[in-house]
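# A structural walkthrough
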Amino acid sequence: MKIECLLNPGVFRFEDKTWLLLRVAERPEQTAGKTSFPVLDRRGGVKIIEFDNSDPALDLSDPRVLSYAGKQYLTTISHLRLVCSEDGIQFQEPYFPAIIAGHGDLESFGIEDCRVAQIGSSYYLTFTQVSGHGVGVGLKVTRDWRSFENRGMILPPHNKDCALFEERINGKYYALHRPSSPELGGNYIWIAESEDLVHWGNHRCVAHSRDAYWDSARVGAGASPIRTPEGWLEIYHGATRENRYCLGALLLALDEPWRVIARSEDPVMEPSSDYERAGFLGSVIFTNGHLVDGDRLTIYYGAADSVICAAAFSVAEIVRSVLCGKVIRA
Ligand code: MAN
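Anyway, here's the lowdown on the structure attached to this text.

So, how was this worked out
Residues numbered from 1 in each chain as written. Predicted model: local features only at pLDDT ≥ 70, side-chain atom pairs only at ≥ 80, totals over all residues. Heavy atoms only, no water. Helix = DSSP H or I, 4+ residues; strand = E, 2+ residues; numbered from the N terminus. Rg over C-alpha atoms; globule rule 2.2 N^0.38 Å. Contact = heavy atoms within 4.5 Å. Areas by Shrake-Rupley, 256 points an atom, 1.4 Å probe, with all protein chains shown as cover. Lys, Arg positive; Asp, Glu negative; His and termini not counted. Charge placed at Lys NZ, Arg CZ, Asp CG, Glu CD. Phe/Tyr/Trp six-rings, centres within 6.5 Å; stacked < 30°, edge-to-face > 60°. Buried < 20%, exposed > 50% of the residue type's maximum accessible area, 1.4 Å probe, protein only. Lys NZ or Arg CZ within 6 Å of the ring centre and 35° of its normal. Near = heavy atom within 4 Å. Polar contact = N/O pair within 3.5 Å; in protein donor to acceptor, adjacent residues only side chain to side chain. Nonpolar A, V, L, I, M, F, W, Y, C, P; charged D, E, K, R; others polar. Pairing = 2+ DSSP bridges. Axes fitted to C-alpha atoms, helices over the stretch in contact; angles between N-to-C directions. Patch = residues over 30% accessible without salt bridge, like charges linked within 9 Å, V, L, I, M, F, W, Y side chains within 5 Å. Salt bridge = Lys/Arg side-chain N within 4 Å of Asp/Glu carboxyl O.

### Some thoughts on the overall build of the protein chain
- If you tally the helices and strands in the protein chain, you get two helices and 25 strands.
- Its C-alpha atoms give the protein chain a radius of gyration of 19 Å, near enough to 20 Å, the size a compact globule of 330 residues would have.
- Within the protein chain, residue pairs in contact and separated by at least 24 positions form 47% of the contacts whose partners lie at least 6 positions apart.
- On the protein chain, roughly 14800 Å² of surface is accessible, and the fraction owed to carbon and sulfur atoms is 48%.
- Averaged over its 34 positive side-chain charges, the protein chain has a centre that lies 2 Å from the centre of its 43 negative ones.

This is how it looks when you write it as structure tokens:
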């Protein structure tokens with residue numbers, strides 16, 4: 001298979017190094033006039049499905065998803081792979097096997113976009129599980145990155161973009177997540193609470209997409225919210241119907257994280273460089289991983305669904321800019 005995209009890494013610190021949990025998206029080398037893509041079969045093997053591009057039942061209008069006779073598939077299959085770095089810029093593969101791949105019926109189209117939250121000495125991996133059954137959120141837990149405890153699908157379809165708060169608030173765990181309700185409602189950011197990080201309840205809607213804005217069609221949480229004196233700062237992605245993805249920020253009340261204090265009027269980041277504007281899917285900036293070191297926030301992001309980049313910010317400056325934007329139709 002050929003790697004089409006390296007994108008959307010989860011980010012964390014472990015053993016004094018910076019680590020990325022990359023999303024690697026692959027498919028067979030394409031031949032003229034055909035479209036082929038991999039799916040996992042029941043026994044854990046890879047099966048290649050191929051369609052003729054001239055077949056009228058085939059819809060190739062979105063490079064990420066194809067539909068054939070009313071059934072949807074992904075054009076690539078993703079797995080997750082670890083790399084580490086001393087300086088957060090030059091990365092290499094570790095000395096131990098570091099691949100997390102999809103398994104079973106709920107991951108037959110792969111796993112994607114893993115957020116990594118550190119709570120105590122454990123790392124919680126929330127990632128997208130994709131299959132013909134739909135798109136949901138899976139959870140794995142590890143302490144050493146060698147062995148993983150599998151907690152299964154914690155939020156069923158259609159749901160993704162699950163970012164855990166890294167501490168309890170008034171005794172409860174919280175997660176931002178993104179169910180989709182396209183016929184009535186939309187692609188909005190929600191919050192849920194839990195006693196054990198596995199069973200989630202008391203779901204509430206936090207932020208809608210906003211008509212005529214850069215986040216008019218869909219919004220979804222990035223990595224874990226960042227605690228600041230003014231509130232929880234959440235960097236999120238917003239997209240238009242034309243699939244232009246930007247990053248913005250939400251400020252959530254410290255004791256009532258379902259309450260939006262302020263929200264970006266303008267994007268914190270938008271696609272501007274060549275490598276952000278052209279690629280597997282052009283005009284995409286998407287994040288699910290960052291590092292916080294005092295006031296310095298390094299956002300790692302997928303550009304054009306093709307390559308991985310990093311950009312540094314001041315947390316205080318983002319908070320200031322969000323507060324200037326006031327609360328706009330959260
Ligand atoms: C969705 C997800 C992401 C991807 C963006 C942009 O939100 O599938 O993985 O980066 O779309 O294509």
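From this point, things continue past the structure.
### A few points about the packing of aromatic side chains
- Overall, the coordinates contain 20 aromatic pairs when judged by the stated rule.
- With centroids separated by 6.0 Å and ring planes inclined at 40 degrees, the aromatic side chains of F37 and F51 adopt a geometry described as tilted. Highlighted residues: F37 in strand 3 (residues 34-40) and F51 in strand 4 (residues 46-52), separated in sequence by 14 residues. Neither F37 nor F51 differs from the other in exposure class; each is buried.
- Ring centres 6.3 Å apart and planes at 75 degrees place the aromatic pair F165 and Y174 in the edge-to-face group. Take F165 and Y174: they sit in the same class, and that class is buried.
- If you follow R146 out to its NZ or CZ, it ends over the ring of F96, 3.9 Å from the centre.
- Here R204 stacks its cationic end above the ring of W258, 3.8 Å away from the centre of that ring.

### Quick notes on the site of the ligand
- In the vicinity of the ligand, the residues found are N8, R23, R64, D113, K160, Y245, L281, V284, F286 and D305.
- N8 places a side-chain nitrogen or oxygen 2.9 Å from an oxygen atom of the ligand.
- With respect to the ligand, the side chain of R64 contributes an N or O atom lying 2.6 Å from an oxygen atom.
- In the complex, 92% of the free accessible area of the ligand, which totals 300 Å², lies under the protein chains.
- In terms of residue class, the shell around the ligand is made up of four nonpolar, one polar and five charged.

### Notes on the sheet that holds strand 16 (residues 189-194)
- Ordered in space as 14-15-16-17, the four strands form an open sheet in which the pairing is antiparallel. Across the chains shown, the open sheet's two edge strands, defined by having one partner strand only, are strand 14 (159-164) and strand 17 (201-207). Taken over all neighbouring pairs, the strand axes of this sheet differ in orientation by 30 degrees on average, direction set aside.

### Section: a negative patch on the surface
- A contiguous patch of negative charge on the surface is contributed by E15, D16, E86, D87 and D144.
- The residue D144 is located in the loop between strand 12 (134-142) and strand 13 (149-155) in this model.
- Taking relative accessible area as the criterion, D144 reaches 30% and is therefore assigned partly exposed.

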